[in-house]
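# Architecture and fold: a report
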Amino acid sequence: MNRFAKAVCAASGLMLLLPIPAASAPLPKSVQRALDRAVAVGDPIAIGQLVGGNAMLGSEIVALAVARRPDLAPRIAAAAAGNVPQVAPQLAAAAATADPNAAAEI
């Protein structure tokens, strides 16, 4: 979209109708539902399995889970890393970024 079109859309309030860029898109609904359930009951193993089934979204899942349940940060990071060991450093970094107070335990 060129500058003129953006200006016209912004002026008319239509920017809300434009698609969300992929980088800021939310998790798929099924993944979000599963994450909400696992976080609600405080089940780091379920969160780890969710990461294992959605490895491309692993860092986002871990960061969201740790942000909601910082008390489980080390267990969430460990469970996620156990399910996707090839990206364990990225998952640990996501958990440590979401809760800097738990970084030493992770």
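This is a predicted model, so every value here is computed, not measured.

The next thing to look at is the nonpolar core. Ranked by size, the top nonpolar core spans 22 residues in total, and within it Leu-35, Ile-47, Val-51, Ile-61, Val-62 and Ile-76 carry the most contacts. Residue assignment for this core shows that the elements contributing at least two residues are α2 (29-41), α3 (44-53), α4 (58-68), α5 (73-83) and α6 (88-98). Each residue touching Leu-35, except ones within four places of it in the same chain, is listed here: Leu-27, Ile-47, Leu-50, Ile-61, Leu-64, Ala-65 and Arg-68.

Once their charged atoms are close, side chains differing in charge can pair, the charge on each being opposite to the other. Enumeration over the complete set of coordinates arrives at 2 salt bridges. Of the charged contacts, one joins Arg-68 and Asp-36 as a salt bridge, the two residues approaching to 2.6 Å between their closest N and O atoms. One end of the pair, Arg-68, is in helix α4; the other, Asp-36, is in helix α2, and 32 residues separate them in sequence. With relative accessibility at 37%, the residue Arg-68 sits in the partly exposed group. A salt bridge links Arg-69 to Asp-71; the nearest nitrogen and oxygen atoms lie 3.2 Å apart.

Mapped onto the elements, Val-62 comes out in helix α4. A residue is classified by how much of its surface remains accessible, and Val-62, at 0% relative accessible area, is buried. Each C-alpha atom of the pair Val-62 and Leu-91 lies 6.6 Å from the other, and the pair is 29 residues apart in sequence. With residues up to four places along the chain from it excluded, the contact list for Val-62 reads Val-51, Ile-76, Ala-80, Leu-91, Ala-94 and Ala-95.

What follows covers α4. Where α4 is concerned, the buried positions are Gly-58, Ile-61, Val-62, Ala-65 and Val-66. Along α4, the residues classed as buried sweep out an arc of 120° about the axis, all on the same side. The inward-facing, buried residues of α4 contact α2, α3, α5 and α6.

Now for the confidence of the model for the protein. Mean pLDDT over the protein stands at 83; residues scoring 70 or higher make up 76%. The secondary-structure element of the protein with the lowest mean pLDDT is helix α1 (residues 3-12), recorded at 51, while α3 shows the highest, at 97. Note on residues 11-24: pLDDT under 50 across the span, and 6 contacts to partners over four residues away in sequence or across chains.

Right, let's get into the packing of α2 against α3. Helix-helix packing is described using two parameters, namely the angle between the two axes and the distance between the axes. As a packed pair, α2 and α3 sit with axes 8 Å apart at the nearest point and diverge in direction by 160°. By the criterion of interaxial angle, the relationship of α2 to α3 is roughly antiparallel. The handedness of the crossing between α2 and α3 comes out as left-handed. Residues Val-31, Ala-34, Leu-35, Ala-38 and Val-39 of α2 touch α3, and the partners they reach there are Ala-46, Ile-47 and Leu-50. Of the residues in the contact of α2 with α3, the class split is 8 nonpolar, no polar and no charged.

The rules behind the values
Residue indices begin from 1 for each chain and proceed along its sequence in written order. Restriction of local features to residues with pLDDT of at least 70 applies here, the model being predicted, together with a cutoff of 80 or more for giving and counting side-chain atom pairs; totals for whole chains, interfaces and linings are based on all residues. Hydrogens and water are ignored here; the side-chain numbers use all heavy atoms of the structure. Residues grouped as a nonpolar core are buried Ala, Val, Leu, Ile, Met, Phe, Trp, Tyr and Cys residues, joined through side-chain atoms within 4.5 Å. The cut-offs for exposure are 20% and 50% of the maximum accessible area for each residue type, with area from a 1.4 Å probe on protein chains only; residues under the lower value are buried, those over the upper are exposed, and the others partly exposed. By the criteria applied, helices consist of DSSP H or I runs no shorter than four residues and strands consist of E runs no shorter than two, each listed in order from the N terminus. Between two residues, a contact is recorded if the distance between any of their heavy atoms is within 4.5 Å. Counted as salt bridges are all cases of a side-chain nitrogen of Lys or Arg within 4 Å of a carboxyl oxygen of Asp or Glu. The arc under discussion is defined with respect to the helix axis, by the directions toward the C-beta atoms. Across the chain, each position has a pLDDT score giving the predictor's confidence in that residue, from 0 to 100. With axes taken as lines fitted to C-alpha atoms, and helix axes fitted only over the stretch in contact, angles between N-to-C directions fall between 0 and 180 degrees. Orientation labels follow simple angle bins: below 35 degrees gives roughly parallel, above 145 gives roughly antiparallel, 65 to 115 gives roughly perpendicular, and whatever is left gives oblique. Crossing handedness is read from the near helix: turned anticlockwise from the far helix by less than a right angle, it gives a left-handed crossing, and turned clockwise, a right-handed one. In this classification, Asp, Glu, Lys and Arg are treated as charged, Ala, Val, Leu, Ile, Met, Phe, Trp, Tyr, Cys and Pro as nonpolar, and every other residue, Gly included, as polar.

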